[in-house]
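For reference, the chains in residue letters:
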Amino acid sequence: MEDKRPKIGIALGSGGERGLSHIGVLKVLEENDIPIDFIAGASAGSIVGAYYALNKEIKSLNEKIIQLTKKDLVKLIDVASPKRALISGHKIENFLKELIRDSSFSDLQIPLTIIATNMSTGKETHIREGKLIDAMRASISLPGILPPAKINDNLFLDGGIVNPTPVDVVKNMGADIVIGVDLTMNQPVKIKNPNIVDTLMRSFEILRTRTTELNIGKTNTNTIIIQTNKAKIIDTYKFYDHKFITEGEETAKKYLPQIMKSIQDWKK
């Protein structure tokens, strides 16, 4: 008789380039045969979450990302009209399409919820159907940086505004044990002569951190929060800096005993 195991969900939080840490965390879980049954992702977490839910492996995404150079990332920046945002996002969207192809939620191997913020109502929106690219683009619509994304007749902003580390969403999807990857910056940042991007980024970081503190404070004993952001970094678009993948791996390894204990305790 097969040993009964708990359903395990993972919440992949928002955090710009720190979202690369999700790759490192998932690599460690894979290497230790810890299965993922549910995924919820906000902002950067929606990208890694969609890729993993679609392919059920993270190695290929890791290989794609570590090949990216600063020059490659610069090519993804297309300046928008000043009245809308700093970046139009068309090239970023095309890059994401290369990662997940023309896939829909119906193509996923693991149930996925992508978090976005309804611009009109200000409410948290859980996207679970339609084209993955539409949901991802909505979830990464960082105010001031990327224009709001339109789905049907609604405009959406970054999911990190309302739920930066969506552990409650994964729990409600049916997870017995929830692993939350929290990328909010809980350390002071040295700032000198901030430009408009620095100001926008820092304002958003403060908002995400306060919201995460409130949400995580409501979690129970079957929730493990992995906090990976040791670096005091404010630049949210250095995706060519792959040290965050390594940091995700190193941090996840430290949490492995706690994760394994939660699984064993659940079986008792």
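Source: prediction; values computed, not measured.

Account for the overall build of the chain, with residues named and values stated.
Broken down by element type, the chain carries 9 helices and 8 strands. For the chain, the proportion of its 268 residues judged to be buried stands at 54%. Considering only residue pairs separated by 6 or more positions, the chain has 77% of its internal contacts joining residues 24 or more positions apart. Carbon and sulfur atoms form 52% of the exposed surface of the chain, whose accessible area is close to 13,000 Å².

So what's going on with the side chain of Lys 27? Which residues, and what values?
With respect to the helices, strands and loops of the structure, Lys 27 is situated in helix 1 (residues 21–31). Residues within four places of Lys 27 in sequence aside, it is in contact with Ile 58, Asn 62 and Glu 249.

Which residues make up the packing of helix 1 against helix 9 (residues 243–267), and what are the values?
The interhelical angle for the contact between helix 1 and helix 9, taken along N-to-C directions, is 45 degrees, at an axis separation of 7 Å. Looking at the two axes, helix 1 sits oblique to helix 9. The element helix 1 and its partner helix 9 pack so that their crossing is right-handed. Residues Ser 21, Ile 23, Gly 24, Val 25, Lys 27, Val 28 and Leu 29 of helix 1 pack against Phe 244, Ile 245, Gly 248, Glu 249, Ala 252, Lys 253, Leu 256 and Ile 259 of helix 9. The residue makeup of the contact of helix 1 with helix 9, split by class, is 9 nonpolar, 3 polar and 3 charged.

Which residues make up unusual backbone geometry, and what values go with them?
The phi torsion at Asp 33 lies on the positive side, around 55 degrees, for a residue other than glycine. When you line up the elements, Asp 33 lands in the loop between helix 1 and strand 2 (38–42). For Asp 33, a relative accessible area of 69% puts it in the exposed group. Residue Asn 152 is not a glycine yet carries a positive backbone phi of 55 degrees. Note on Asn 152: relative accessible area 68%, which makes it exposed.

I'd like a description of the pattern of salt bridges, backed by residues and values.
Side chains bearing opposite charge may pair, as long as their charged atoms lie close to each other. In this structure the tally under the stated criterion is 5 salt bridges. One salt bridge connects Asp 37 with Arg 5, and the closest N-O pair in it is separated by 2.7 Å. Of the two residues, Asp 37 sits in the loop between helix 1 and strand 2 while Arg 5 sits in the segment before strand 1 (8–12), which places them 32 residues apart along the sequence. Arg 5 gets classed as partly exposed once you look at its relative accessible area, which sits at 33%. Linking Glu 93 and Lys 97 is a salt bridge whose minimum nitrogen-to-oxygen distance equals 3.9 Å. Of this pair, Glu 93 and Lys 97 both sit in helix 5 (residues 90–100), separated by 4 residues, roughly a single helical turn. Taking relative accessible area as the criterion, Lys 97 reaches 36% and is therefore assigned partly exposed.

What counts and what doesn't
Residues numbered from 1 in each chain as written. Predicted model: local features only at pLDDT ≥ 70, side-chain atom pairs only at ≥ 80, totals over all residues. Heavy atoms only, no water. Helix = DSSP H or I, 4+ residues; strand = E, 2+ residues; numbered from the N terminus. Buried < 20%, exposed > 50% of the residue type's maximum accessible area, 1.4 Å probe, protein only. Contact = heavy atoms within 4.5 Å. Areas by Shrake-Rupley, 256 points an atom, 1.4 Å probe, with all protein chains shown as cover. Axes fitted to C-alpha atoms, helices over the stretch in contact; angles between N-to-C directions. Parallel < 35°, antiparallel > 145°, perpendicular 65-115°, else oblique. Left-handed = near helix turned anticlockwise from the far one by under 90°. Nonpolar A, V, L, I, M, F, W, Y, C, P; charged D, E, K, R; others polar. Salt bridge = Lys/Arg side-chain N within 4 Å of Asp/Glu carboxyl O.

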